Amino acid sequence: MTGLTYTERARFLAAVKDMGEGDEIPAATFELILEIESKTPAPWAESDPLVAERYLAARGADPDVAAANAAEFELKFRAVIALSTGKPAQTFQDIADWIETHVDGAK
């Protein structure tokens, strides 16, 4: 599907959402959102670039592990927020709140 805009790709995925087998359409949708989010800096990227690292460390991750995984964690949760709420995260607190409600609160 290269050569298509993000909008065209999203429309295609919406059109075929009931045709896929297993998780192929949801996975392709997540990959599309992940690609979009990866090309858009987080609103807090300049003002607080280490917020994800601190968050992971505060949740018990080894500081070296937190540093190594913070960027991927932040990017993937930005995609999760966008998919689950229909809008991008405006602050890192949006991610923390979503995790508190849907991950921690789901236990």
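Peer 1: How should the pattern of salt bridges be read in this particular structure?
Peer 2: Pairs may arise between side chains of opposite charge once their charged atoms sit close together. Counting across every chain of the model gives 5 salt bridges. The partner of aspartate 48 in a salt bridge is arginine 54, with the nearest N and O atoms 2.8 Å apart. Of the residues examined, arginine 54 reaches a relative accessible area of 46% and is grouped as partly exposed. A salt bridge links lysine 76 to glutamate 72, with the nearest nitrogen and oxygen atoms 2.9 Å apart. Of this pair, lysine 76 and glutamate 72 both sit in helix α4 (residues 63-85), separated by 4 residues, roughly a single helical turn. Take glutamate 72: its relative accessible area is 44%, and that puts it in the partly exposed class.

Peer 1: What am I meant to see in α4 here?
Peer 2: Within an α-helix, residues lying three or four positions from one another point in the same direction, as the helix has 3.6 residues per turn. Residue asparagine 69 marks the point of greatest curvature in α4, where the axis turns by about 50°. Burial in α4 covers these residues: Ala66, Ala70, Phe73, Glu74, Phe77, Arg78, Ala79, Ile81 and Ala82. In this structure, the buried residues of α4 make contact with α2 (24-38), α3 (51-58) and α5 (92-104). Of the residues that open α4, the one with a side-chain oxygen 2.9 Å from the backbone nitrogen of aspartate 64 is aspartate 62.

Peer 1: Any chance you could explain the nonpolar core here in plain terms?
Peer 2: Taken as a class, soluble globular proteins show a tendency for nonpolar side chains to be buried jointly. Core analysis: the biggest nonpolar cluster contains 17 residues, and Trp44, Tyr55, Phe73, Phe92, Ile95 and Ile99 have the highest contact counts within it. Elements supplying a minimum of two residues to this core: α3, α4 and α5. Contact partners of tryptophan 44, with chain neighbours within four places excluded, come to Pro49, Val51, Glu74, Arg78, Ala89, Gln90, Thr91, Phe92 and Ile95.

Conventions used here
Residues numbered from 1 in each chain as written. Predicted model: local features only at pLDDT ≥ 70, side-chain atom pairs only at ≥ 80, totals over all residues. Heavy atoms only, no water. Salt bridge = Lys/Arg side-chain N within 4 Å of Asp/Glu carboxyl O. Buried < 20%, exposed > 50% of the residue type's maximum accessible area, 1.4 Å probe, protein only. Helix = DSSP H or I, 4+ residues; strand = E, 2+ residues; numbered from the N terminus. Bend = angle between axes of the 7 residues up to and from the residue. Contact = heavy atoms within 4.5 Å. Polar contact = N/O pair within 3.5 Å; in protein donor to acceptor, adjacent residues only side chain to side chain. Core = buried A, V, L, I, M, F, W, Y, C linked by side-chain atoms within 4.5 Å.

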